[in-house]
Amino acid sequence: MEDSAGPQPPADDRNIDRHEHTGLAKYARPALIAAAAIAVVCLALLVIIFFLDSFNATVYSVGGKNIQDATEEARQIRESYSAVRTGGLVFLIASLATALAAAVVLYRNRNVKGDGDTDDGDDVDFEDLAGQ
């Protein structure tokens, strides 16, 4: 047999460490990651909108006006980010629900092993790997 530094095809597929989940478990981990990322972005967006609303209300009230007045200008300032705030909340709730569902699926399938996860009983130590 010739020694080569190039990649070698596996001699036995049973030794490959992989999880072969089926159904929802196959998509649970990517869904959990995506949902967590979307939730973080939505939270950041909502915090920014809160500070922008506070800033606009402060600037408006500097002249002695109240943001809660029944004037058209005060109403426009109050509602300036309402669509973005509503969208952010909807996406935040949806992403949290998705993350929760994915976490439940992953938790329920934590002990399920795919066909490639069987232990063939070989005990390999450093001397075997080093060729000594």
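Residues numbered from 1 in each chain as written. Predicted model: local features only at pLDDT ≥ 70, side-chain atom pairs only at ≥ 80, totals over all residues. Heavy atoms only, no water.

Looking only at helices and strands, one finds four helices and zero strands in the protein. When contacts within the protein are restricted to residue pairs at least 6 apart in sequence, those whose partners lie at least 24 apart make up 75%. A total of about 10400 Å² of accessible surface is found on the protein, and carbon and sulfur atoms cover 61% of it. (Helix = DSSP H or I, 4+ residues; strand = E, 2+ residues; numbered from the N terminus. Contact = heavy atoms within 4.5 Å. Areas by Shrake-Rupley, 256 points an atom, 1.4 Å probe, with all protein chains shown as cover.)

This part takes up the confidence of the model for the protein. Of the residues in the protein, 76% reach a pLDDT of 70 or more, and the chain-wide mean stands at 80. Taking the mean pLDDT of every element in the protein, the minimum, 79, falls on helix 4 (residues 126–130) and the maximum, 94, on helix 3 (residues 82–108). Considering only residues more than four positions removed or in separate chains, one finds that residues 13–17, a stretch of pLDDT under 50, has eight contacts. (pLDDT = per-residue confidence, 0-100.)

This brings us to the pattern of salt bridges. Under the criterion given, the structure shown has three salt bridges. Of the charged contacts, one joins Asp53 and Arg85 as a salt bridge, the two residues approaching to 2.2 Å between their closest N and O atoms. Taken together, the residues span a long stretch of sequence, with Asp53 in helix 1 (residues 25–61) and Arg85 in helix 3 at a distance of 32 residues. As a salt-bridge pair, Arg75 and Glu72 come within 2.3 Å of each other at their nearest N and O atoms. Taken together, the residues Arg75 and Glu72, both in helix 2 (residues 72–78) and three residues apart, mark about one turn of the helix. Taking relative accessible area as the criterion, Arg75 reaches 32% and is therefore assigned partly exposed. Through salt bridges with shared partners, one network takes in Glu72, Arg75 and Glu79. (Salt bridge = Lys/Arg side-chain N within 4 Å of Asp/Glu carboxyl O. Buried < 20%, exposed > 50% of the residue type's maximum accessible area, 1.4 Å probe, protein only.)

Once that is clear, we can look at the packing of aromatic side chains. If you walk through the whole model with that rule in mind, you get one aromatic pair. Considering the side-chain rings of Phe50 and Phe51, the 5.5 Å spacing of their centres and the 65° angle between planes classify their relative orientation as edge-to-face. You'll find Phe50 and Phe51 in the same group, each marked exposed. Here the guanidinium or amino end of Arg110 rests over the ring plane of Tyr107, the centre of that ring lying 4.0 Å away. (Phe/Tyr/Trp six-rings, centres within 6.5 Å; stacked < 30°, edge-to-face > 60°. Lys NZ or Arg CZ within 6 Å of the ring centre and 35° of its normal.)

Residue placement: Ser95 occurs in helix 3. Among all residues touching Ser95, those that are not within four sequence positions of it are Ala35, Ile38 and Ala39.

Time to look at the packing of helix 1 against helix 3. Two numbers describe a pair of packed helices, the interaxial angle and the distance between the axes. Where helix 1 meets helix 3, the axes come as close as 7 Å, and the angle between the chain directions of the two elements is 150°. With respect to helix 3, the element helix 1 is oriented roughly antiparallel. Our pair here, helix 1 against helix 3, has a crossing hand that is left-handed. Class assignment for the residues of the contact of helix 1 with helix 3 results in 22 nonpolar, three polar and three charged. (Axes fitted to C-alpha atoms, helices over the stretch in contact; angles between N-to-C directions. Parallel < 35°, antiparallel > 145°, perpendicular 65-115°, else oblique. Left-handed = near helix turned anticlockwise from the far one by under 90°. Nonpolar A, V, L, I, M, F, W, Y, C, P; charged D, E, K, R; others polar.)

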